[in-house]
Amino acid sequence: MECIFCKIARKEIPSKIVYEDELALAFEDINPQAPVHILIIPRKHIHNNLSLTEEDKPLMGHLFLVANRIASEKGIAERGFRTVVNCNAEAGQTVFHLHLHLLGGRPMKWPPG
Ligand code: AMP
Ligand code: ZN
């Protein structure tokens, strides 16, 4: 699969991995937008939210639990953090392998840009 995040999951492209298990992988964003900016991806290639199926429901829950765990480890759980999933062009999706952004370590603005 010619997908950059599939390649990261297979470790064909280097990344700073902070967590991995049989279903998911988490690594540092190459262009961080906050002091903590981690991407959490399923090992399974999923194009974006619109490609999710019934069978992906537990997987999506798992990605959120992984995000919580990393937020705790990074010391941002109680301060606050944001989990973002961009879907398609107007949301700014640039990599078409579903990923959760975990952002924290600074105050976040609302609404997002
Ligand atoms: P999105 O715009 O939601 O599709 O997010 C894609 C994210 O992937 C961006 O924040 C990029 O900085 C990040 N990114 C792209 N290539 C890499 C890479 N090789 N390693 C780590 N993060 C990456
Ligand atoms: Zn992929």
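Residues numbered from 1 in each chain as written. Chains lettered and ligands numbered in written order. Predicted model: local features only at pLDDT ≥ 70, side-chain atom pairs only at ≥ 80, totals over all residues. Heavy atoms only, no water.

## Structural notes on the overall build of the protein
Inclusion rule: Helix numbering and strand numbering both begin at the N terminus, where a helix is a DSSP run of H or I of at least 4 residues and a strand a DSSP run of E of at least 2. Relative accessible area decides the class of each residue, using a 1.4 Å probe on protein chains only: under 20% of the type maximum gives buried, over 50% gives exposed, and in between gives partly exposed. Two residues qualify as a contact provided that any one of their heavy atoms is within 4.5 Å of a heavy atom in the partner residue. Only the protein chains shown count as covering a residue, and every accessible area follows the Shrake-Rupley method with a 1.4 Å probe. When charges are counted, Lys and Arg are positive and Asp and Glu negative, with His and the chain ends excluded. For the purpose of locating charges, the reference atoms are NZ of Lys, CZ of Arg, CG of Asp and CD of Glu.
Along its length, the protein carries two helices and five strands. For the protein, the succession of helices and strands along the chain, N to C, is α-β-β-β-α-β-β. Considered along the principal axes of its C-alpha atoms, the protein spans approximately 35 × 30 × 25 Å. Expressed as a percentage of the 113 residues in the protein, the buried residues total 38%. At a minimum sequence separation of 6, the contacts of the protein that also span at least 24 residues come to 55%. Roughly 6,900 Å² of accessible area belongs to the protein as shown, and the carbon and sulfur atoms make up 56% of that amount. Positive and negative charge centroids in the protein, built from 13 and 13 side chains respectively, lie 6 Å apart.

## As for helix α2 (residues 57-73)
Basically, it comes down to this: In this scheme, a helix's expected span is set at 1.5 Å multiplied by one less than its residue total.
Compared with the 24 Å implied by 1.5 Å per residue over 17 residues, the 25 Å span of α2 between its first and last C-alpha is a close match. In this structure, the buried residues of α2 make contact with β1 (17-20), β2 (24-28), β3 (36-42), β4 (81-84) and β5 (100-104). Just past α2, the residue Gly75 takes up positive phi, approximately 75°.

## Quick look at the coordination of the zinc ion (ligand 2)
Applicable threshold: Counted as donors are the N, O and S atoms within 2.8 Å of the metal, or 3.2 Å for Na, K and Ca, while water is not among the atoms, so some sites may look incomplete. Labels for metal geometry use angle windows, namely 85 to 135 degrees for all angles of a four-donor tetrahedral site, and for square planar (four donors) or octahedral (six donors) sites opposite donors over 155 degrees apart plus all others within 65 to 115; sites meeting none of these are irregular.
Only Cys3 (SG), Cys6 (SG), His45 (ND1) and His97 (ND1) from the protein reach the zinc ion (ligand 2) as donors, at distances of 2.0 to 2.3 Å. One way to put it: the four donor atoms around the zinc ion (ligand 2) meet at angles of 105 to 118°, and that makes the site tetrahedral. Read from N- to C-terminus, the donor residues coordinating the zinc ion (ligand 2) fall into the pattern C-x2-C-x38-H-x51-H. Assigned by exposure class, Cys3 and Cys6 land together as buried.

## As for the side chain of His97
Secondary-structure assignment places His97 in the loop between β4 and β5. Excluding residues that lie within four positions of it along the chain, His97 makes contacts with Cys3, Phe5, Cys6, Ile41, Pro42, Arg43, Lys44, His45, Ile46 and His47.

## Quick word on the site of ligand 1
Convention followed: For each residue, the test is whether any non-hydrogen atom lies within 4 Å of the molecule or strand; if one does, the residue is near. Two N or O atoms count as a polar contact when they lie within 3.5 Å, although within protein this holds only if one can serve as hydrogen donor and the other as acceptor, and sequence-adjacent residues are included solely when both atoms are side-chain atoms. Three residue categories are used. Nonpolar comprises Ala, Val, Leu, Ile, Met, Phe, Trp, Tyr, Cys and Pro, charged comprises Asp, Glu, Lys and Arg, and polar comprises the others, including Gly.
Taken together, the neighbourhood of ligand 1 is formed by 16 residues, with Asp29, Asn86, Gly92, Thr94 and His101 sitting nearest. His99 places a side-chain nitrogen or oxygen 2.9 Å from an oxygen atom of ligand 1. Contact with the protein chains hides 84% of the accessible area of ligand 1, taken as 500 Å² for the molecule alone. Broken down by secondary-structure element, the contributors of at least two residues to the shell around ligand 1 are α1 (4-9) and β2. Class assignment of the residues belonging to the shell around ligand 1 gives a composition of seven nonpolar, seven polar and two charged.

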